Amino acid sequence: MENAADAVLNYHQRTKHQLNAYAKGPESLDWDDQPNPFRRFKGCETVTLPTPGAELDCLFADLDKPELITPEPLTLAKLGLLLELSFGLSAWKQFGPDRWALRCNPSSGNLHPTEAYLICTNAELLPPGVYHYLSHDHHLERRATFDANDRESACYIGLSSIHWREAWKYGERAFRYCQHDIGHALAALSYAAACLGWSIELLGATGDADLAHWLGLDRQEDFVEHEHEAPDLLCRLHTNKANPGGFNTEQLSQLYATASWFGQAERLSGRHFYRWPVIDEVAKAAEKPATAVERQQMPVLALPAASQNLPASRLIRQRRSAQHFNGKAEALPLADFQRILLALLPNAKPPFTAWNWSPQIHMLLFVHRVDALEPGLHFLPREPRDVATLKQAFSKDFIWQAVDAPFEFYRLVAGNVRQAAKTLSCHQPIASDSAFSLGMLARFAGNIEAQAWRYRRLFWESGLLGQILYLEAEAAGIRGTGIGCFFDDAVHGVLGLQDNAWQSIYHFTVGTPLDDGRLETLPAYTHLSKEPTPM
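What counts and how
Residues numbered from 1 in each chain as written. Predicted model: local features only at pLDDT ≥ 70, side-chain atom pairs only at ≥ 80, totals over all residues. Heavy atoms only, no water. Helix = DSSP H or I, 4+ residues; strand = E, 2+ residues; numbered from the N terminus. Buried < 20%, exposed > 50% of the residue type's maximum accessible area, 1.4 Å probe, protein only. Contact = heavy atoms within 4.5 Å. Areas by Shrake-Rupley, 256 points an atom, 1.4 Å probe, with all protein chains shown as cover. Disulfide = S-S within 2.5 Å. Salt bridge = Lys/Arg side-chain N within 4 Å of Asp/Glu carboxyl O. Phe/Tyr/Trp six-rings, centres within 6.5 Å; stacked < 30°, edge-to-face > 60°. Lys NZ or Arg CZ within 6 Å of the ring centre and 35° of its normal. Pairing = 2+ DSSP bridges. Axes fitted to C-alpha atoms, helices over the stretch in contact; angles between N-to-C directions. Polar contact = N/O pair within 3.5 Å; in protein donor to acceptor, adjacent residues only side chain to side chain.

Attention shifts here to the overall build of the protein chain. Each helix and strand in the protein chain was counted, giving 14 helices and 20 strands. The dimensions of the protein chain, computed from C-alpha atoms along their principal axes, are 65 × 55 × 50 Å. Burial statistics for the protein chain: of 535 residues in total, 59% are counted as buried. Taking all contacts inside the protein chain whose residues are at least 6 apart in sequence as the whole, residues at least 24 apart take part in 81%. As displayed, the protein chain has an accessible area near 21,100 Å², and 49% of this comes from carbon and sulfur atoms.

Written as structure tokens, this is what we have:
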């Protein structure tokens, strides 16, 4: 039998897209049985949160110095705002009879496998227990109650994934995309907390078995077969900068001796026509045990001002994934480009304040139209110590020309790389019509051979970086889009990589969007009181 690391490495190799063949997925999509994007638990009491949509005074630039933001009081209204800006609806789109929701946290294919839970021991805020956040209705479903007398008052937020939601469309590659989405959601939560003057502590030492127990995910009888949830990560909410408090897993575990559970998950799909057992296999191999606490001290970097210094809550709600880009738009100003890249470097600001580890991912950039920057293939190291290693691993044809910038930045190849970017990203014009696109290159085999669960962590890091790109693009007055479809080994071939020590795990593109005038945009939450009207 293969060990966990081999199982993960084999899964990754098996699910690569190739120039002559795509990873295994459904031969056709059963649109009549698309999984419900909103999980509901029947038989639970609900807690209606105050009306969503409130704006905060915090500007996007204020998030560069989160220590200066005055904390908001912890109330049910502010907690609801945190959940809304992290996981809630941002708008509805309509085309003819079809209507679908957009959310503040992006998702591959807008399928949203990520679910969010609240564990509350603060009796002044909510009856102590476990709650599921339902973004469609903007309310909490109480899954469990417990006796929290004499316990530390705290709030925790747990994230899980419904792999079936993603596999319905993407087949075997879906496990990758679920992990991307967890990284996006973690970053969205970190940004939202900072808007309120709060912070999120990622409790990275938590094991999957404990988290599944605390969120009620190990209660198999509460879930439909093939629609279970996999535990991913747990965060503690800190609302007081002077006394952030600690985390005691033993105390949290003791609460569950008195827990009473309620509700069962409603079915998401009537049929499960295709089966992807390899997803269950890799999920098992990549299970995370309880580990030692790790913390990474982030440096303080000064960022130039963003072009669009909007209220942060407004910018978060307006984030969209561009479907098309204007390939003839004016070049992106160099200052905006440099701000975006600086924001990707480790810094003592959101969302890196919710990240515990040193950088494992670097950026390969296809620069098309950036003012005062020659087009070509470029490289942004996020950990300078890796540059010497990568120079040895990359093609000897690369020039490694240092580019004048307020950070370490190299030109590998000069010239038009638009066709290469398009081809490598599954022939998608969004990779070539933008101002620039990029691939995220991860330190790969060494991480997985050390601890197989780090496979998931690499994708979380890539999703976290993707969320930075999304919001920084909005702050520059343009737009971004994550690209999950790319030809893995063809990218490695361009770089000259000979093994799996480094792997490209996520692509992204940023530029001037072309809006589709046929689509109507509708407000996010008017359906709670009346039929939506066009914005």
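This part covers the state of the cysteines. Cysteine pairs can be covalently joined through their sulfur atoms, and such a bond is termed a disulfide. Counted according to the given criterion, the structure contains one disulfide. Paired through a disulfide, Cys-426 and Cys-485 show a sulfur-sulfur distance of 2.2 Å. Around the S-S axis, the bridge from Cys-426 to Cys-485 shows a dihedral of about -90° and counts as left-handed. Of this pair, Cys-426 sits in the loop between α11 (418-424) and β17 (436-443) while Cys-485 sits in the loop between β18 (479-483) and α14 (488-495), placing them 59 residues apart in sequence. Cys-104 forms no disulfide, and the closest cysteine sulfur to it belongs to Cys-195, at a distance of 10 Å. For the unlinked cysteine Cys-120, the closest cysteine sulfur is that of Cys-155, found at 4.1 Å. By relative accessible area, which is 0% here, Cys-120 ends up buried.

As a further point, take the pattern of salt bridges. Opposite charge on two side chains permits them to pair, given that their charged atoms come into close proximity. Applying the stated rule across the entire model yields 29 salt bridges. The residue Arg-456 makes a salt bridge to Asp-232 at a minimum N-O spacing of 3.2 Å. Here Arg-456, found in helix α13 (residues 454-475), pairs with Asp-232, found in strand β10 (residues 230-238); they are 224 residues apart in sequence, far enough to count as distant. Here the two residues Arg-456 and Asp-232 agree in accessibility, since each one is buried. Measuring nitrogen to oxygen at the nearest pair gives 3.0 Å for the salt bridge that ties Arg-382 to Glu-461. Residue Arg-382 is found in the loop between β14 (376-380) and α10 (387-393), and its partner Glu-461 is found in helix α13; the two are separated by 79 residues along the sequence. Assessed through its relative accessible area of 3%, Glu-461 is described here as buried. Put simply, Asp-64, Arg-339, Lys-349 and Glu-472 are held in one network by salt bridges that share partners.

Moving on, we come to α14. Buried residues of α14: Asp-488, Ala-490, Val-491, His-492 and Leu-495, and no others. A positive phi of about 85° marks Gly-496, the residue just after α14.

Attention now goes to the packing of aromatic side chains. Any pair of aromatic rings gets described here by the distance separating the centres and the angle formed by the planes. All chains considered together, the criterion is met by 25 aromatic pairs. Here Phe-379 and Trp-400 contribute two aromatic rings whose centre-to-centre distance is 5.6 Å and whose plane-to-plane angle is 70°, an arrangement assigned as edge-to-face. On the criterion of sequence distance, the pair formed by Phe-379 in strand β14 and Trp-400 in the loop between α10 and β15 (401-402) is long-range, its members being 21 residues apart. The residues Phe-379 and Trp-400 share a single accessibility class, namely buried. Members of the aromatic cluster, joined through ring pairs, are Tyr-11, Phe-175, Phe-444, Tyr-455 and Phe-459. One residue, Lys-288, lies across the ring of Trp-453, its end atom 4.8 Å from the ring centre. Cation over ring: Arg-457 sits above Trp-357, and NZ or CZ is 4.5 Å from the ring centre.

Before going further, it helps to spend a moment on the sheet that holds strand β3 (residues 89-95). Spatially, three strands are ordered β4-β3-β20 in an open sheet, and the strand pairing comes out antiparallel. Looking at strand neighbours, the two that pair on one side only are β4 (98-103) and β20 (520-522), the edges of this open sheet. The mean angle between the axes of side-by-side strands here comes to 25°, regardless of whether they run parallel or antiparallel.

Moving on, we get to the sheet that holds β17. With respect to topology, seven strands assemble into an open sheet ordered β15-β16-β14-β13-β17-β19-β18, the strand pairing being antiparallel. Either end of the sheet is taken by a strand with one partner, and the two such strands are β15 and β18. With two bridges joining them, β15 and strand β16 (residues 410-414) adopt antiparallel strand pairing. Paired with Gln-401 across the bridge in β16 is Arg-411.

Attention shifts here to the side chain of Ser-462. When you line up the elements, Ser-462 lands in helix α13. Non-local contacts of Ser-462, meaning those with residues more than four positions away in its chain, are made with His-180, Ile-361, Met-440, Ile-505 and Tyr-506.

Our focus in this paragraph is the side chain of Arg-173. Along the chain, Arg-173 turns up in the loop between α3 (163-170) and α4 (174-195). Overall, the relative accessible area of 1% leaves Arg-173 in the buried class. Reaching out from Arg-173, the side chain makes a polar contact with the backbone oxygen of Thr-15 at a distance of 2.7 Å. For Arg-173, the side chain forms a polar contact with the side chain of Tyr-177, separated by 2.8 Å. Apart from the residues lying within four places of it in its own chain, the contact partners of Arg-173 are Tyr-11, Thr-15, Lys-16, His-17, Ala-23, Lys-24, Gly-484, Phe-486 and Asp-488.

Interpretation in functional terms is not warranted from these geometric data alone.
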